[in-house]
Amino acid sequence: MSTTRMGDVLLLAVAVVWGSSYLTAKTLVVAGGVLVVLALRFLVSAAAMLPLLLRHRPSRPEAGIGILLGVTQASVLVLETYGVSLTSATNAGVLISLTILLTPILEGLLARRWLPTRFFLAAGVAFAGVALLVAGPGLRAPSLGDALMLAAAVVRATHVTLSARLTRGRAFRTTTLTTLQTLVGAVLFTAAAGSSLLPAAAALHTGQWLGVLYLALGCSVFAFVVQLWAVRRTSAARASLLLGTEPVWAVLIGVLLAGEHLTLTAGAGILLVLAGTYYGQRMESHARAVRPTVAVVPVP
């Protein structure tokens with residue numbers, strides 16, 4: 001299997017993991033609060049990855065980039081979490097999916113090299129599919145939550161683009177950069193949670209701690225490592241398009257495990273997301289074949 005195909009499979013796995021985490025995250029937030037859950041998630045992630053950092057001391061440029069990516073990643077999670085709580089699920093789903101379009105635009109501006117128009121058409125089809133997929137009672141009037149979700153989409157696009165732009169072709173370790181990201185998140189969220197962290201953590205029962213472990217090891221450690229590994233070898237636009245299938249897996253998992261019903265509108269949305277993603281991948285692969293990206297320095 002080629003590196004590109006391997007990256008595609010792993011990114012789709014990340015989208016599945018993120019899509020399956022909605023119910024777990026919602027349950028934990030009700031029990032412990034947003035900042036407590038984020039602090040525990042990143043503390044566990046950092047503890048799991050810290051031995052890797054002890055084995056390889058990062059260089060100054062590596063540390064600087066890791067800290068920057070940690071700040072942008074933490075910002076995305078805060079904006080998303082509070083945004084979802086202050087707006088409708090429909091508004092939130094549509095706005096965060098703008099990342100599918102914003103990432104290739106931002107990447108094109110920085111690289112001064114644009115993907116073919118057909119890629120943006122494919123991304124637009126995928127975005128339209130998400131809009132149908134999350135369509136419930138319809139869009140709600142704009143609110144503070146919508147502004148936060150829009151900011152989250154912009155910051156997420158920035159994070160993915162910077163991850164590719166600042167690391168591709170450089171002898172940085174993906175695991176080291178990811179460890180630094182989790183450490184930054186652990187410090188920021190622990191400070192933000194403050195004195196409420198320990199009492200809330202002590203009140204969690206075994207099942208809730210298993211949920212924290214899933215968010216930490218699956219949605220953070222695995223997902224962050226794979227995302228960074230993939231964007232260093234393909235492009236931010238391709239990664240964003242594949243990760244944009246997250247709502248598809250959330251709906252399908254809800255149907256399979258939670259007994260939810262799949263409407264015709266949602267089914268049409270799934271087909272559009274998958275069709276747009278498939279065609280967009282082909283356009284991105286063709287563009288890279290014509291104009292190859294910078295070679296990646298092999299690192300573990």
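Residues numbered from 1 in each chain as written. Predicted model: local features only at pLDDT ≥ 70, side-chain atom pairs only at ≥ 80, totals over all residues. Heavy atoms only, no water.

Asker: A description of the overall build of the chain should follow, citing residues and the corresponding values.
Answerer: A tally of regular secondary structure across the chain gives 14 helices and zero strands. Mapped from its N terminus to its C terminus, the chain presents α and β elements in the order α-α-α-α-α-α-α-α-α-α-α-α-α-α. With the C-alpha coordinates aligned to their principal axes, the bounding extent of the chain is approximately 55 × 50 × 35 Å. Counting every position in the chain, which comprises 300 residues, the buried fraction comes to 49%. By sequence separation, contacts in the chain at least 24 residues apart represent 91% of the contacts at least 6 residues apart. When the accessible surface of the chain is split by element, carbon and sulfur atoms take 71% of a total near 13800 Å². (Helix = DSSP H or I, 4+ residues; strand = E, 2+ residues; numbered from the N terminus. Buried < 20%, exposed > 50% of the residue type's maximum accessible area, 1.4 Å probe, protein only. Contact = heavy atoms within 4.5 Å. Areas by Shrake-Rupley, 256 points an atom, 1.4 Å probe, with all protein chains shown as cover.)

Asker: Which residues make up the nonpolar core, and what values do they have?
Answerer: Core analysis: the largest hydrophobic core is formed by 44 residues, its most contacted members being Leu11, Trp18 and Leu40. Broken down by secondary-structure element, the contributors of at least two residues to this core are helix 1 (3-20), helix 3 (34-55), helix 4 (60-85), helix 8 (144-167), helix 9 (174-193), helix 10 (197-203), helix 11 (206-231) and helix 12 (236-243). With 10 residues, helix 11 is the largest single contributor of residues to this core. Ranked by size, the runner-up nonpolar core spans 16 residues in total, among them Val130, Leu133, Val251 and Ala266. (Core = buried A, V, L, I, M, F, W, Y, C linked by side-chain atoms within 4.5 Å.)

Asker: Got a sec to walk through helix 13 (residues 246-257)? Specific residues and values, please.
Answerer: End to end, helix 13 covers 16 Å across 12 residues, agreeing with the expected 16 Å (1.5 Å per residue, within 8%). Taken as a whole, helix 13 has its buried residues at Glu246, Pro247, Val248, Ala250, Val251 and Gly254. Tucked into the core, helix 13 has its buried residues touching helix 1, helix 2 (22-32), helix 7 (117-134), helix 8, helix 12 and helix 14 (264-290). Glycine 259 occupies a position one or two residues after helix 13 and carries a positive phi of about 70 degrees. (Expected span 1.5 Å × (residues − 1).)

Asker: Go over the packing of helix 4 against helix 9 with me, naming the residues and quoting the values.
Answerer: Between helix 4 and helix 9, the shortest axis-to-axis distance is 7 Å and the interhelical angle comes to 50 degrees. By the criterion of interaxial angle, the relationship of helix 4 to helix 9 is oblique. Considering only the axes of helix 4 and helix 9, their crossing is right-handed. Contact residues: helix 4 offers Glu62, Ala63, Ile65, Gly66, Ile67, Leu69, Gly70, Val71, Gln73, Ala74 and Val78, while helix 9 offers Thr176, Leu177, Leu180, Gln181, Val184, Leu188 and Phe189. Looking at the contact of helix 4 with helix 9, its residues break down into 12 nonpolar, five polar and one charged. (Axes fitted to C-alpha atoms, helices over the stretch in contact; angles between N-to-C directions. Parallel < 35°, antiparallel > 145°, perpendicular 65-115°, else oblique. Left-handed = near helix turned anticlockwise from the far one by under 90°. Nonpolar A, V, L, I, M, F, W, Y, C, P; charged D, E, K, R; others polar.)

Asker: Account for the packing of helix 6 (residues 99-111) against helix 8, naming residues and giving values.
Answerer: When two helices pack together, their arrangement is given by the angle between the helix axes and the distance between those axes. Taken N-terminus to C-terminus, the directions of helix 6 and helix 8 make an angle of 45 degrees; their axes are 9 Å apart at the nearest point. Viewed along their axes, helix 6 and helix 8 adopt a mutual orientation that is oblique. Both helix 6 and helix 8 take part in a crossing whose hand is right-handed. Packed against helix 6, whose contacting residues are Thr99, Leu102, Thr103, Leu106, Glu107, Leu110 and Ala111, the element helix 8 presents Ala153, Val154, Arg156, Ala157, Thr158, Val160, Thr161 and Arg165 at the interface. Taken together, the residues of the contact of helix 6 with helix 8 sort by class into eight nonpolar, four polar and three charged.

Asker: Summarise a nonpolar patch on the surface; cite the residues concerned and give the values.
Answerer: On the surface, a nonpolar cluster with roughly 320 Å² of combined accessible area is contributed by Met1, Met6 and Val9. Relative to the assigned elements, valine 9 resides in helix 1. With relative accessibility at 45%, the residue valine 9 sits in the partly exposed group. (Patch = residues over 30% accessible without salt bridge, like charges linked within 9 Å, V, L, I, M, F, W, Y side chains within 5 Å. Salt bridge = Lys/Arg side-chain N within 4 Å of Asp/Glu carboxyl O.)

Asker: Lay out the packing of aromatic side chains with the relevant residues and their values.
Answerer: Taken as a whole, this structure holds four aromatic pairs when the rule is applied. An angle of 50 degrees between the planes, with centres 5.3 Å apart, marks the rings of phenylalanine 42 and phenylalanine 189 as tilted. Taken together, the residues span a long stretch of sequence, with phenylalanine 42 in helix 3 and phenylalanine 189 in helix 9 at a distance of 147 residues. A single burial state applies to phenylalanine 42 and to phenylalanine 189, both of which are buried. Judged by centre distance (6.4 Å) and plane angle (50 degrees), the ring pair of tryptophan 114 and phenylalanine 120 falls under tilted. (Phe/Tyr/Trp six-rings, centres within 6.5 Å; stacked < 30°, edge-to-face > 60°.)

Asker: Tell me about the environment of glycine 83, and name the residues and values.
Answerer: On the secondary structure map, glycine 83 appears in helix 4. Glycine 83 sits 64 residues away from alanine 147 along the chain, and the two C-alpha atoms are 7.6 Å apart.

Asker: Kindly report on the side chain of threonine 161, identifying the contributing residues and their values.
Answerer: Within the secondary structure layout, threonine 161 lies in helix 8. On the basis of relative accessibility, which here comes to 2%, the residue threonine 161 falls in the buried class. In contact with threonine 161, other than residues within four places in its own chain, are Thr103, Leu106, Glu107, Leu110 and Ala236.

Asker: Quick one: what's the story with the confidence of the model for the chain, residue by residue and with numbers?
Answerer: Within the chain, residue pLDDT values average 86, and 94% of them lie at 70 or more. The least confident element of the chain is helix 5 (residues 89-96), whose mean pLDDT is 75; the most confident is helix 9, at 95. Across residues 293-300, where pLDDT falls below 50, the model places 21 contacts with residues more than four positions away in sequence or in other chains. (pLDDT = per-residue confidence, 0-100.)

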